[in-house]
Protein chains: 2
Amino acid sequence: MSKTIDFYFDFTSPYSYIAAERIEAIAAKGGRTVNYCPTLLGFIFKEIGGGPLTAMPRKGEYSLNDFSRTARFHDLKLNFPKAFPANTVMAARAALMVKACEPNAMGAFVREVFRAYFVADQDITQADVIGRCAAAAGVDAEAAAKANDDPRWKEALKQAVQQSNEVKMFGAPYMLVDGEAFWGNDRLDQIERWVKDGPF
Amino acid sequence: MSKTIDFYFDFTSPYSYIAAERIEAIAAKGGRTVNYCPTLLGFIFKEIGGGPLTAMPRKGEYSLNDFSRTARFHDLKLNFPKAFPANTVMAARAALMVKACEPNAMGAFVREVFRAYFVADQDITQADVIGRCAAAAGVDAEAAAKANDDPRWKEALKQAVQQSNEVKMFGAPYMLVDGEAFWGNDRLDQIERWVKDGPF
């Protein structure tokens, strides 16, 4: 049986930011580690339809309030980015480089990028921002900043998108625990029970 | 400040069933009562687009599993109805009759109809089923069974749908607490904190 929680996400997803701040502590309660799987929601939506919550009638306005309230509920900061959604290709390629080359820093790097975007309202499409996130996570800043132009991480991102489609991802965060799918920050309470007490 | 939680729902919504089983206990923790507001999601979706979760690519399959798992998480029974979604016009008119004429039985009646549909897999489009739900809730069974043909409850349902559109409902359950909107069974944890400790 797998000892990981597969955590599929896109750096532009607010609920993924919130869940990313919580998932490692929850995983640890069941002796699990987190397998971070950055992907691109845009390619998921191309397959099955869909789009940013914030663009939906009524639900969009609700969501903007709910993002902030849900962050406060979990004692997290959230300053909704002026530029939303963001193109997260560069951030995802950098994350896949970190995952491959410095796997122990992956969680920290993921959180740094999320905080850069959702707390500091920085432009995560810029290489210098990605580099600073890497440095803060103890990762080679130059390598992270250049990952976007490296064929290895371009190819890794293509495969990551394909993988997220294969596991039937339809929104973010999307988590697999022992093959069981859980969608949304809302489901971390169920994941916590699952990893602590087993399937229910 | 209002002392109620406005609970907008459609009897064909699985997450509304789950939330309806939980909302009164949560409301009571903050000294609140529940104002049940039956409506018709179909008319909401006509305004803003949308449709049953179960019809959506990938999300539909996920949802069928999530309904049952979420029910188990809350120690509730759920046998997904063979006929889904249901036409809930008759159930909603009966509920509005109960709300107007026997308000103290409203919560019990709502739960009886939900259980008839989501536990006993009964056909809630049938007057005899609605009548039995009424009887089980201590309500005049004949009056409930006939509410569907009464112009008063036809008009009440039209107004209920209009009201749910006015409060910007986009899915179910949709709850208003002190004017703050909360969507989904998932948000009952936030509502609990709100009614116990105040806005956050």
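## Focus on the pattern of salt bridges
- Counting across every chain of the model gives 28 salt bridges over all chains.
- Asp-186 of chain B is the partner of Arg-187 of chain A in a salt bridge, and the nearest nitrogen-oxygen pair spans 2.5 Å. Taken together, the positions of Arg-187 of chain A in the loop between strand S4 (180–183) and helix H9 (188–197) and Asp-186 of chain B in the loop between strand S4 (180–183) and helix H9 (188–197) put the pair across two chains.
- Each of Asp-66, Arg-69 and Asp-186 of chain A together with Glu-180 and Arg-187 of chain B takes part in one network of salt bridges that share partners.

## Thoughts on the sheet that holds strand S3 (residues 174–177) of chain A
Residues and elements named next belong to chain A.
- Taken in spatial order, the four strands of this open sheet run S2-S1-S3-S4, and their pairing is mixed. A single partner strand is all that each edge strand has here, and the edge strands are strand S2 (33–38) and S4. With direction set aside, neighbouring strand axes in the sheet form an average angle of 25 degrees.
- The sheet contact formed by strand S1 (residues 4–9) and S3 spans four bridges and is antiparallel. Opposite Ile-5, over in S3, you have Val-177 as the bridge partner.

## Observations concerning the packing of aromatic side chains
Residue and element names in this part refer to chain A.
- Tallied over the full model, the rule gives 44 aromatic pairs over all chains.
- An angle of 50 degrees between the planes, with centres 6.2 Å apart, marks the rings of Tyr-17 and Phe-114 as tilted. With a gap of 97 residues between them, Tyr-17 in helix H1 (residues 14–29) and Phe-114 in helix H5 (residues 106–118) connect regions that are remote in the sequence.
- Summarising the aromatic geometry, the rings of Tyr-17 and Phe-118 are spaced 5.6 Å apart at their centres and angled 20 degrees between planes, so their arrangement reads as stacked. With Tyr-17 in helix H1 and Phe-118 in helix H5, the pair connects residues that are 101 residues apart, well separated along the chain.

## A word on the pairing of S4 of chain A
Residue and element names in this part refer to chain A.
- Sheet analysis places S3 next to S4, joined by four bridges and oriented antiparallel. Paired with Tyr-174 across the strands is Trp-183, a residue of S4.
- Taking the residues that link successive antiparallel strands as the turn, the S3-S4 hairpin has two residues, and the phi of Asp-178 there is positive, at about 55 degrees.

## Some points on helix H1 (residues 14–29) of chain B
Residue and element names in this part refer to chain B.
- Taking 1.5 Å per residue, 16 residues should reach 22 Å; H1 reaches 24 Å between its end C-alpha atoms and fits that length.
- Looking only at H1, the buried set comprises Pro-14, Tyr-15, Ser-16, Tyr-17, Ile-18, Ala-19, Ala-20, Ile-23, Ile-26 and Ala-27.
- Two residues or fewer past H1, Gly-31 is found with a positive phi of approximately 70 degrees.

## A closer look at the sheet that holds strand S3 (residues 174–177) of chain B
All names here are of chain B.
- Reading across the sheet, the four strands line up as S2-S1-S3-S4 and stay open at both edges, with mixed pairing between neighbours. Lying at the two open borders of the sheet, with one neighbouring strand each, are strand S2 (33–38) and S4. For this sheet, the mean inter-axis angle between neighbouring strands, taken without regard to orientation, is 25 degrees.

## Focus on the layout of surface pockets
- One number sums up the size of the second largest pocket: a volume of about 260 Å³.
- Around the second largest pocket, the lining is made up of 19 residues, and of these Asp-186, Arg-187 and Asp-189 of chain A together with Asp-186 and Asp-189 of chain B lie nearest the centre.
- Among the secondary structure elements, those contributing two or more residues to the lining of the second largest pocket are helix H3 (59–73) and H9 of chain A together with helix H3 (59–73) and H9 of chain B.
- Split by residue class, the lining of the second largest pocket holds three nonpolar, eight polar and eight charged.

How each quantity is defined
Residues numbered from 1 in each chain as written. Chains lettered and ligands numbered in written order. Predicted model: local features only at pLDDT ≥ 70, side-chain atom pairs only at ≥ 80, totals over all residues. Heavy atoms only, no water. Salt bridge = Lys/Arg side-chain N within 4 Å of Asp/Glu carboxyl O. Helix = DSSP H or I, 4+ residues; strand = E, 2+ residues; numbered from the N terminus. Pairing = 2+ DSSP bridges. Axes fitted to C-alpha atoms, helices over the stretch in contact; angles between N-to-C directions. Phe/Tyr/Trp six-rings, centres within 6.5 Å; stacked < 30°, edge-to-face > 60°. Expected span 1.5 Å × (residues − 1). Buried < 20%, exposed > 50% of the residue type's maximum accessible area, 1.4 Å probe, protein only. 1 Å grid on protein atoms, 1.4 Å probe; cavity = no way out; pocket = protein on both sides within 12 Å on 5 of 7 lines; lining within 4 Å. Points joined across faces, edges and corners; volume = space filled by probe spheres on them. Nonpolar A, V, L, I, M, F, W, Y, C, P; charged D, E, K, R; others polar.

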